Amino acid sequence: MSKRVKAVVLAAGKGTRMKSEKPKVLHEIFNKPLVSWVLSACENAGSLENIVVVGHKGEEVSGFVSKNHPKSVCVEQKEQLGTGHAVSMAKESLKDFDGCVLVLCGDTPLITKESLEKFINFHNENSSDITVMTAILGNPSGYGRIVRDSRNNVSEIVEQKDCTEAQKAISEINAGMYCINWQRAQGFFSNLKNNNAQNEYYLTDIIKWGNTEGLKVSGYVLENPDESLGINSRAQLADAFRIMNLRHLDKLMEDGVTIVSPENTQISPETVIGADTIIFPNTFINGKNTIGKNCKIGPFAHLRGNCTIEDFVKIGNFVELKKTYVKSHTNISHLSYVGDSKVGSNVNIGAGTITANYNSITKEKKETIINDGASIGSNTVLVAPVELGKKAFIAAGSVITKDVGANALGLTRSPQKEIKNYVK
Ligand code: UD1
Ligand code: CA
């Protein structure tokens, strides 16, 4: 990237159409808020700093951002007077900035790092002052429409509510993302007007303004229009989830992973999987995970994040894993919960094994360590913190509360009794 880039991410709106107590941009896809997907894309595309404009329930949003995105700062927009007004809140932070300001909305989680990079390169190579990202949609309803002149230059953006019937038929829409040469175009933000159907200070007016000022205004058409999807409703949230999931499954399959039934499999884009691993149907994988090669996962497996699984591991049906490291050639084949654990290689965890990792009185989570070659009988409870030595053997039905040494048998069940002729 030749020029310096900073991003402004708009996240102050209430999201009325979500009908939610929660600010819209904190609604999640794969356990990660919408705004977080956008900020990750900016970070990965090389933005030096992200300025997040917060407003409605701003403390909740800025709390999340400061904890999870160290390259981001939040600025407040007290009243939500429109997208142009929102960007103007970042003026102070950008005062002396000489470079490209990438403006994005916090509700477009499908935008990728690759597209942002292409967008910024296009803007720089064209020596543009203002570039708007556009997309061609089969159903453009709800979006601002891109109006081009006879020479195909973008002359203005018209919001749906301000469109004439003819403009409503335009299928090229405003994706809500802009590259702005800050030194040349920041004047727009001292000049905002709100004479439109919603009486808002529209950012979209920057296009017409730029043309009148004699600046170079361009449009960049997204290759994949899905990436422009803005989330305004629960139905669009579900659409975005589906698209994000299928996009990642396609990539995994390209990389040599078998996904038996993509329609019935959900894998977070932050999960890396090695070649020749097979994912059986109805598997749900959330958060950040790494899965090795030649593993078998599912059917009906649930990984909740922070899991690392080495090669040749089997995670079978109705197995839930959380914050756990599993070394190679280990089987956790049926009906188990393993959380906050380190599991060695060549371990066999029998059906119905539970790591009791959580104390609901103290609210503490404790660790379970299972060393190489250990074998755990069915229906065992491992009460953490607890460690099983190498090749330790746990008898089925045991409740293990103390460490078990290497090669030892751990057994807590009461001896079986037989009462002769009891039934008679
Ligand atoms: C906006 C664009 C529209 C574009 C669409 C793309 C304008 C006027 N319209 O419409 O052309 O097709 O995005 O998704 O820009 N926000 C603030 N402060 C405000 C108002 C909004 O921070 O005062 C934030 C919202 O939280 C949201 C983003 O800006 O993240 C976009 O606002 P939204 O109300 O969703 O705009 P759209 O109607 O979708
Ligand atoms: Ca929107």
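Residues numbered from 1 in each chain as written. Chains lettered and ligands numbered in written order. Predicted model: local features only at pLDDT ≥ 70, side-chain atom pairs only at ≥ 80, totals over all residues. Heavy atoms only, no water.

Participant: What exactly am I supposed to notice about the site of ligand 1 here?
Facilitator: Within the structure, ligand 1 sits among 23 residues, and Gly13, Gln77, Thr83, Glu159 and Asn174 are positioned closest to it. The contact in question runs from an oxygen atom of ligand 1 to an N or O atom on the side chain of Thr83, over 2.7 Å. Backbone polar atom of Asn174 to an oxygen atom of ligand 1: 2.6 Å apart, as the coordinates give it. The fraction of the free accessible surface of ligand 1 (760 Å²) that becomes covered by protein chains is 89%. The set of elements that each furnish at least two residues to the shell around ligand 1 consists of strand 1 (5-11), helix 3 (83-88) and strand 10 (172-181). Of the residues contributing to the shell around ligand 1, the split by class is nine nonpolar, ten polar and four charged. (Near = heavy atom within 4 Å. Polar contact = N/O pair within 3.5 Å; in protein donor to acceptor, adjacent residues only side chain to side chain. Areas by Shrake-Rupley, 256 points an atom, 1.4 Å probe, with all protein chains shown as cover. Helix = DSSP H or I, 4+ residues; strand = E, 2+ residues; numbered from the N terminus. Nonpolar A, V, L, I, M, F, W, Y, C, P; charged D, E, K, R; others polar.)

Participant: Any chance you could explain helix 2 (residues 58-68) here in plain terms?
Facilitator: One full turn of an α-helix is made of 3.6 residues, so residues set three or four places apart face in the same direction. Residues of helix 2 that are buried: Gly58, Val61, Phe64 and Val65. Projected down its long axis, helix 2 carries its buried residues within an arc of 135 degrees, all on one side. The exposed residues of helix 2 that point more than 90 degrees off its buried face are Glu59, Ser66 and Lys67. Of the surrounding elements, those touching the buried residues of helix 2 are strand 3 (32-33), helix 1 (34-44), strand 4 (50-54) and strand 5 (72-76). (Buried < 20%, exposed > 50% of the residue type's maximum accessible area, 1.4 Å probe, protein only. Arc of directions from axis to C-beta. Contact = heavy atoms within 4.5 Å.)

Participant: What exactly am I supposed to notice about the pairing of strand 10 here?
Facilitator: Looking along a regular strand, one sees side chains alternate from face to face of the sheet. Burial within strand 10 is extensive, with ten of its ten residues counted as buried. For strand 6 (residues 100-105) and strand 10, the ladder comprises four bridges, and the chain directions are antiparallel. Bridging from a neighbouring strand, Val101 pairs with Ile180 of strand 10. Two elements, strand 7 (residues 130-136) and strand 10, share six bridges in a ladder whose sense is antiparallel. Across the sheet, Ala135 pairs through a bridge with Ile173, a residue of strand 10. (Pairing = 2+ DSSP bridges.)

Participant: How do you make sense of the coordination of the calcium ion (ligand 2) when you look at a structure like this?
Facilitator: Four donors placed tetrahedrally around a metal ideally meet at 109.5 degrees, and six donors placed octahedrally ideally meet at 90 or 180 degrees. Around the calcium ion (ligand 2), the protein contributes the donor atoms Asp107 (OD) and Asn232 (OD1), which lie 2.6 to 2.7 Å from the metal centre. Linking Asp107 in the loop between strand 6 and helix 4 (113-125) with Asn232 in the loop between strand 11 (217-221) and helix 8 (234-254), this pair joins segments that are 125 residues apart in sequence. (Donors = N, O, S within 2.8 Å, 3.2 Å for Na, K, Ca; no water.)

Participant: Help me out: how do you make sense of unusual backbone geometry in this one?
Facilitator: Note: most peptide bonds trans; most residues except glycine with negative phi. Pro299 follows Gly298 through a cis peptide bond whose omega is 0 degrees. Topologically, Pro299 is positioned in the loop between strand 18 (296-297) and strand 19 (302-303). A cis amide bond, omega 0 degrees, links Ala384 with the succeeding residue Pro385. Relative to the assigned elements, Pro385 resides in the loop between strand 31 (381-383) and strand 32 (386-388).

Participant: Hey, could you run me through the packing of helix 1 against helix 4 in this one?
Facilitator: Axes are the key here: two packed helices are described by the angle between their axes and the distance separating the axes. It is at 8 Å that the axes of helix 1 and helix 4 come closest, and there the two elements cross at 55 degrees. Taken together, helix 1 and helix 4 sit at an angle that is classed as oblique. The chirality of how helix 1 crosses helix 4 is right-handed. Where helix 1 abuts helix 4, its residues Ala41, Cys42 and Asn44 lie against Lys113, Leu116 and Glu117. In terms of residue class, the contact of helix 1 with helix 4 is made up of three nonpolar, one polar and two charged. (Axes fitted to C-alpha atoms, helices over the stretch in contact; angles between N-to-C directions. Parallel < 35°, antiparallel > 145°, perpendicular 65-115°, else oblique. Left-handed = near helix turned anticlockwise from the far one by under 90°.)

Participant: Help me understand the sheet that holds strand 12 (residues 258-259), please; the structure alone is not making it clear to me.
Facilitator: Within a sheet, adjacent strands bond to each other through the backbone by hydrogen bonds, running parallel or antiparallel. Spatially, nine strands are ordered 12-15-18-21-23-25-30-33-35 in an open sheet, and the strand pairing comes out parallel. Strands with a single pairing partner mark the edges of an open sheet, and in this sheet they are strand 12 and strand 35 (409-410). Bridge count for strand 23 (residues 331-334) against strand 25 (residues 348-349) is two bridges, and the pairing is parallel. Within strand 25, the residue paired with Ile332 across the bridge is Ile349.

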